[in-house]
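# Inside the fold
Residue-level listing of the chains:
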Amino acid sequence: MKYEQNSIAITRHGSSRPTNNILEKSSNFLIEQGGNRYAFAGTEVYKNESNLSQSNIIASQLTDSQWDGMTYNSFNDLTERVFALNGTDRVKINSSTMQEWGVDAPTSAPVLDVGASTGLTGNYNVKYTYLVKSGSTIIVESNPSPAASSAQALSDEDLEVTWTESPDQQVTHVRIYRTIASGSVYFVDQDIAVGTLTIDTSTSDTSLGTSIETDHDRPPLGSLVTSPLYNGIVFIAKDNLLHYSKTKQPEYFPALNFIEVGSPTFPIKTLLTFNGALFALTNEQIWAIQGTKQGSFQAVPMQSLTGSPHQYGAVGVKGRGIYHLGSDGIYLYSGVDSKLTEFTYEPIFPDAGGRDGIATNGLQGVPASSSSQWLKQFQNKIYYHYSNGNMIVFNTDNNRSYYYKYDQRLSSPAIDYSNDRFICGDTGKFIRTIEDPTATTDVGNSIQFEIQSEDYTPQTQRDFPKWMKYDVDLSDASDVTGSLIIDDVVHKVHSLTASRSNKRRLVEGTSGNRLAVRLNGTGSIKIYAASIE
């Protein structure tokens, strides 16, 4: 149940499936781009629950590991893509085409010889790179190959260059870089479309282009990635190192572009933004990443009580702070750290000894393992999921919280921003939309509800209830009952069948020290009031 309109209790929205396509495994990462859902599950990647071809990537098959990703466009390219990694694989996706994220440098040096024509005199050496071009525009360029083993001496001759083909199918051209006579700096000579492995060049020294760049390293094989920040810088976490890209060039991560975040003993578990700033969370600590440009970044520890257990263990909420999972509850950092669940939900969370939480007042206990737990913001609510479909929802407008129960465990929460939908994976290996205002069931499974008032306790005498009244709208509900609870025991049960009927319902003579009202049933209901007299 939830409270959305003053004191009216309403059954939560149901959940639905955008398609009935089943995945290889439950998804561990979801992201939306251009209205399309991309799910990473097992060794497959799915677009709108249809798996994508892996024929354009170098690996024979993707690794079954935890993924993370973001959306951005490559340098000089207006097409927004999904960029994702899992510690072993790095891919980018444009619609239904999956390719490598970045381009590996050639490992084989070119082979030089005397060509068949004339034009050059002196000692010349060569390096080459792999290019991804769109027309005449360079989208990605690799780092250069090693230089040829020795310079080639020429006397009014041209230079024959032979190179090794790239195994990466996104590569469209090879770029030849050459020195001037007896020089040591390499300049652009020419671009050659793939399919050719040998050319003769006689480009004059004065006609060579720009010098070679050596900071086009591929993204590191990290586990976490951010969306672009600070005018287009992308961050990737690998162990306790935080790497960052060149500005507006998400395929280039220079080797020295990184900072250390704490000790290697505590790897980075979560990356998030809060009020425009970047934060890195280890299992023990929140770190603020200060700086806005290359060479200025540094990690500063915050006065936090705990950190985050994994990539879904924290979320930054504008105007509120950083909600994050500790081993014994949910914390909120907003300059200082405090346990959000200490007074309202404490018994259901694990204790300091690591024992599972205790089921209390109908709420299932939280397991000590964090694998099923996640936090996600959608609209004005923070969703905390644990175990098999249990969820506590915090409303940031009215500061109320409520408990939901879904039919099975949910995973990989994500927001479909194009369609304003909250999407998840489930243990049935489907993708589903939760909080779907058009759904009154959980993909066909009826939603059961139960709500109980706080105890009413007279201060000086026992209470002698005589009748009860229920004001409910149950036009979309069934099997609705109202119960009188006296001293934690159900004393009277009423079957409710009419909406907004305020008739008195008699209660047999009894008395007690603590009275409460409980309503339960199936379907969608609005509860306006219940009273005991």
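Look a little higher up for the structure.
Residues numbered from 1 in each chain as written. Predicted model: local features only at pLDDT ≥ 70, side-chain atom pairs only at ≥ 80, totals over all residues. Heavy atoms only, no water.

## Some details on the overall build of the chain
Stated precisely, the cut-off is as follows: We count a stretch as a helix when DSSP gives it H or I for four or more residues in a row; a strand needs E for two or more, and each element gets its number in order from the N terminus. Within these notes, the globule rule equals 2.2 Å times the number of residues to the 0.38 power, and the radius of gyration is based on C-alpha atoms. Exposure is judged per residue with a 1.4 Å probe applied to protein chains only, and the accessible area is read against the type maximum: over 50% gives exposed, under 20% gives buried, and values in between give partly exposed. Using a 1.4 Å probe, accessible areas were evaluated by the Shrake-Rupley method; residue-level cover was limited to the displayed protein chains.
Counting its secondary structure elements, the chain contains zero helices and 46 strands. Its C-alpha radius of gyration of 31 Å places the chain more than 25% over the 24 Å reference for a compact globule of 533 residues. C-alpha extents for the chain along the principal axes are approximately 115 × 45 × 35 Å. Of all 533 residues assigned to the chain, the portion counted as buried reaches 51%. Carbon and sulfur atoms provide 45% of the accessible area of the chain, an area that totals close to 23500 Å².

## With respect to the nonpolar core
To keep it simple, the criterion reads: Take the buried Ala, Val, Leu, Ile, Met, Phe, Trp, Tyr and Cys residues and link them wherever side-chain atoms come within 4.5 Å; each set so joined is a nonpolar core. Here, two residues are considered to be in contact whenever any of their heavy atoms come within 4.5 Å of each other.
With 28 residues, the main nonpolar core has Phe40, Ile93, Met98, Trp374, Tyr383, Met391 and Phe422 as its most contacted residues. Once residues within four sequence positions are removed from consideration, Trp374 is found in contact with Tyr312, Leu325, Tyr383, Tyr384, His385, Met391, Leu410, Ser411, Pro413, Phe422 and Cys424. Within the second largest apolar cluster, 21 residues are counted, among which are Val126, Tyr128, Ile139 and Val171.

## Digging into unusual backbone geometry
What is expected of a backbone is that most residues other than glycine have negative phi and most peptide bonds are trans. In this model, Asn48 sits at a positive phi of 50°, which is unusual for a non-glycine residue. Looking at the secondary structure, you find Asn48 in the loop between β6 (44–47) and β7 (50–51). Located in the positive-phi region is Arg500, a residue other than glycine, with phi close to 55°. Residue placement: Arg500 occurs in the loop between β44 (489–496) and β45 (505–506).

## Here's the deal with the side chain of Ser483
By the element assignment, Ser483 lies in strand β43 (residues 467–486). Setting aside anything within four residues of it in sequence, one finds Ser483 in contact with Met468, Tyr470, Val490, Lys492, Val493, Ala516, Val517 and Arg518.

## Re the environment of Asp168
Definition in use: Polar contact is the term for a pair of N or O atoms within 3.5 Å; when the atoms are in protein, one must be able to donate a hydrogen and the other to accept it, and sequence-neighboring residues count only if both atoms are side-chain atoms.
Residue position: Asp168 is located in the loop between β17 (159–162) and β18 (173–178). Since its relative accessible area comes to 5%, Asp168 is described here as buried. As for Asp168 and Leu271, which are separated by 103 residues in sequence, their C-alpha atoms are 30 Å apart. If we ignore the near neighbours within four places in the chain, the residues touching Asp168 are Asn56, Ile58, Glu100, Gly102 and Val103. At 3.0 Å, the side chain of Asp168 and the side chain of Gln170 are in polar contact.

## So, the sheet that holds β6
Sheet strands line up and pair through hydrogen bonds in the backbone, either parallel or antiparallel. Where we set the bar: Two strands pair if DSSP finds at least two bridges between them.
Overall, antiparallel pairing links the four strands, which are arranged β4-β5-β6-β7 in an open sheet. The open sheet is flanked by β4 (29–33) and β7, the only strands paired with a single partner. Here strand β5 (residues 36–41) pairs with β6 via four bridges, running antiparallel. Along β6, the bridge assignment pairs Phe40 with Val45.

## Description of the sheet that holds strand β21 (residues 224–225)
Strands sit in the order β21-β22-β23-β24 across an open sheet of four strands; the sheet is antiparallel. The open sheet has two edge strands with one neighbour each: β21 and β24 (258–260). As paired elements, strand β23 (residues 241–244) and β24 share three bridges and run antiparallel to each other. Note that in β24 the partner of Leu242 across the bridge is Ile259.

## Examining the layout of surface pockets
Sizing a probe to match a water molecule and rolling it over the atoms shows the empty space that remains. What counts, and what does not: Cavities and pockets are defined on a 1 Å grid built over the protein atoms alone: a cavity is a set of grid points where a 1.4 Å probe fits but cannot escape, while a pocket is an open set with protein on both sides within 12 Å along at least five of seven lines, and lining residues are those with an atom within 4 Å of any such point. Grid points are joined across faces, edges and corners, and a volume is the space filled by probe spheres set on the points. Side-chain classes follow a simple rule in which Ala, Val, Leu, Ile, Met, Phe, Trp, Tyr, Cys and Pro form the nonpolar group, Asp, Glu, Lys and Arg form the charged group, and the remainder, Gly included, forms the polar group.
As a volume, the largest pocket reaches approximately 1500 Å³. Taken together, 40 residues form the lining of the largest pocket, with Asn361, Leu363, Glu450, Ile451 and Gln452 sitting closest to its centre. Elements that contribute at least two residues to the lining of the largest pocket include exactly β36 (401–405), β41 (445–446), β42 (448–452) and β46 (515–532). Broken down by element, the residue count for the lining of the largest pocket peaks at seven residues, all from β46. Residues of the lining of the largest pocket, tallied by class, amount to 20 nonpolar, 12 polar and eight charged. Forming the walls of the second largest pocket are 33 residues, and the residues nearest its centre are Ser227, Leu271, Thr273, Lys376 and Tyr417. Of all the secondary-structure elements, those providing two or more residues to the lining of the second largest pocket are β4, β8 (68–73), β21, β25 (270–274), β29 (314–317), β33 (374–378) and β37 (410–416).

## A look at the pairing of β43
One ladder, built from two bridges, connects β43 with β45; its direction is antiparallel. The residue bridging Met468 from the neighbouring strand is Arg505, located in β45. Of the pairings in the sheet, the one linking β43 to β46 comprises 15 bridges and is antiparallel in character. Considered in β46, the bridge of Ile485 is made with Ala516. In this structure, the hairpin formed by β43 and β44 is closed by a connection of two residues, where Asp487 is found at a positive phi of approximately 50°.

## Structural notes on the pairing of strand β31 (residues 329–333)
Among the five residues that make up β31, five are buried, leaving the element largely enclosed by the rest of the structure. Here strand β30 (residues 321–326) runs beside β31; their pairing, made up of five bridges, is antiparallel. In the strand pairing of β31, Ile322 is matched with Tyr333. Hairpin geometry of β30 and β31 is characterised by an intervening segment of two residues between the two adjacent antiparallel strands. In this sheet, strand β32 (residues 337–339) lies alongside β31 in antiparallel orientation, the contact comprising three bridges. Along β32, the bridge assignment pairs Tyr333 with Asp337. Between β31 and the antiparallel strand that follows it, β32, lie three residues; Gly335 among them carries a positive phi value of about 100°.

## Some thoughts on the pattern of salt bridges
Quick reminder of the rule: The salt bridge definition used is simple: a Lys or Arg side-chain nitrogen within 4 Å of an Asp or Glu carboxyl oxygen.
Throughout the structure, instances matching the rule amount to 22 salt bridges. Between Glu251 and Lys92 there is a salt bridge whose closest N-O contact spans 2.8 Å. Here the residue Glu251 occupies a position in the loop between β23 and β24, and Lys92 occupies one in strand β10 (residues 90–94), the gap between them amounting to 159 residues. The residues Glu251 and Lys92 share a single accessibility class, namely buried. Through salt bridges that share partners, Glu100, Asp104 and Arg218 make up one connected network.

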